[in-house]
Amino acid sequence: MPAAPDISITHYRHFLLVAELRSFRAAAARAFRSQPALSLSIREMEQRLGQPLFERGNRNTLTRFGQDCLPLARELVEHHDRVAGALSGLANNGAGTLTMASVATVATHWLPELVATYRERYPAVALRLFDDNSEGVERMVLAGEVELGVCSPVLRDRRLSFEPLLRDAFGLVCHRGHPLAARKSVTWREIADLPLVGTVAHRQLADYPQAAFMLDRQVFVSNMMSLLAMLERGVGVTVLARLGVPPDSPGLAFVPLSRPRIERELGITKLAGRSLSPAAARMEEMLRAKASASARGVV
C-alpha cells in the first residue's frame, strides 16, 4: 500500500478556499496570506498528490481530479476541526468525564456542594460518582474504574499515592438512649466489652495497642448504610471518626474517645506516577480548597 502524501491541514484549507471562492486573490485574503504564498501552497499540494487540482489555463477552475477531491477535502477538514475542538475541550475541562469515588464522609458532607459548583463551572463534563468504604475506593482507583478517590489509606499499596486533606478524631457511636451517650468522652478501655460492630475503617487502628480489640469483632459490616441502620435500632455500637456520622442522624450520639485520642486521615488517592485528566485535576483543586476552608473554619 503506497504511503499517503504528506499534506498538511493548511494545504487542504487553502484548496477549499480557492475552490469555493473561485479566486486565488480572494482566497489569499481570507487566509491572511499573500497570493504568491497561497499559490505555492496549492502547487505543493498538487505535487504531493501527483495530479493538478486546477486547470492550467484557468487556475480558478477545478480539474476533474480536483472536483473528486473537493468533498473528501471538505470532510477531512470538518473532521479535523471536530477532533481539534474536542481535544481543546478536554484540555480546558470543557468536556470529558470525571470518574471519582469517595467514602461516605465526603459523599455526605462535601460532595453535594462541590458537585453543584463543579456542574456550574464545567457543565459539559459528565460525572460518574461512586461511594464505598476506604478499601473499596482504593480498589476502584487501582482497577482504573475511577481516576480520583477520597478515602483513608487502608491497603498501603505502593501503586497508590495519597495526599492528606484533613484529620478526624475517632469516637464511640451509639444510640442516643445508650448509657454512655451523654458522656463528654470515654476511654478505649471502657468500651472494650461493649457489643461493638466492626468496619473496614477499623484497620486504621492497627498501630494502636489500646484499640487493637476493634480489629477482631464478631459482627462486621462493610456497608455504611447498613451499619447506621443497625446503630439507630440499638443493635450494637461502633467506633467511627466524627465526620463519619451523617448530619441527618438525630438518633445517634458521638462520644469522643480518649487515652489515646486517635485520628484518621482523609485525603486524595490516585495512581502513583500518573497525571490526572483535566476534569479530575479540577476536582482535585476544589477538594484542596474545601479542605483548606474547613481547616480555617470557613463553611
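For clarity, every value in this text was computed on a predicted model and none was experimentally measured.

Asker: Before we go on, may I ask you to explain the packing of helix 2 (residues 24–31) against helix 3 (residues 35–49) in this structure?
Answerer: Relative orientation and spacing of two packed helices are given, respectively, by the angle between their axes and the distance between those axes. Relative orientation of the contacting elements helix 2 and helix 3 amounts to 100°, with a least axis distance of 9 Å. Here helix 2 lies roughly perpendicular to helix 3, going by the angle between them. From helix 2, Phe24, Arg25, Ala27 and Ala28 reach across to helix 3, where they touch Gln35, Leu38, Ser39 and Ile42.

Asker: Explain the UniProt feature "domain: HTH lysR-type" (unreviewed entry) in the chain here, please?
Answerer: Here, UniProt's "domain: HTH lysR-type" (unreviewed entry) annotation points to residues 7–63. The distance separating the terminal C-alpha atoms of residues 7–63 is 19 Å; by composition the span is 63% helix and 0% strand.

Asker: Explanation requested: the nonpolar core in the structure shown.
Answerer: Of all hydrophobic cores here, the largest spans 32 residues; its most connected members are Leu98, Met100, Trp110, Tyr118, Met283 and Leu287. Breaking this core down by element, the ones donating at least two residues are strand 1 (97–102), helix 6 (111–121), helix 7 (134–142), strand 3 (148–151), strand 4 (160–175), strand 10 (263–271) and helix 10 (278–295). The element contributing the most residues to this core is helix 10, with six residues. Counting 22 residues, the second-largest nonpolar core is a separate cluster that includes Ala19, Phe24, Ala28 and Val77.

Asker: Explanation requested: the side chain of Asp168 in the structure shown.
Answerer: Within the secondary structure layout, Asp168 lies in strand 4. With a relative accessible area of 6%, Asp168 lands in the buried category. Here Leu243 takes part through its backbone nitrogen, which lies 2.8 Å from a polar atom of the side chain of Asp168. The residues contacting Asp168, other than those within four sequence positions of it, are Ala241, Arg242, Leu243, Gly244, Ile262, Glu263 and Arg264.

About the cut-offs
- Residues numbered from 1 in each chain as written.
- Predicted model: local features only at pLDDT ≥ 70, side-chain atom pairs only at ≥ 80, totals over all residues.
- Heavy atoms only, no water.
- Axes fitted to C-alpha atoms, helices over the stretch in contact; angles between N-to-C directions.
- Helix = DSSP H or I, 4+ residues; strand = E, 2+ residues; numbered from the N terminus.
- Parallel < 35°, antiparallel > 145°, perpendicular 65-115°, else oblique.
- Contact = heavy atoms within 4.5 Å.
- UniProt positions renumbered as here; feature names shortened; annotations may be inferred.
- Core = buried A, V, L, I, M, F, W, Y, C linked by side-chain atoms within 4.5 Å.
- Buried < 20%, exposed > 50% of the residue type's maximum accessible area, 1.4 Å probe, protein only.
- Polar contact = N/O pair within 3.5 Å; in protein donor to acceptor, adjacent residues only side chain to side chain.

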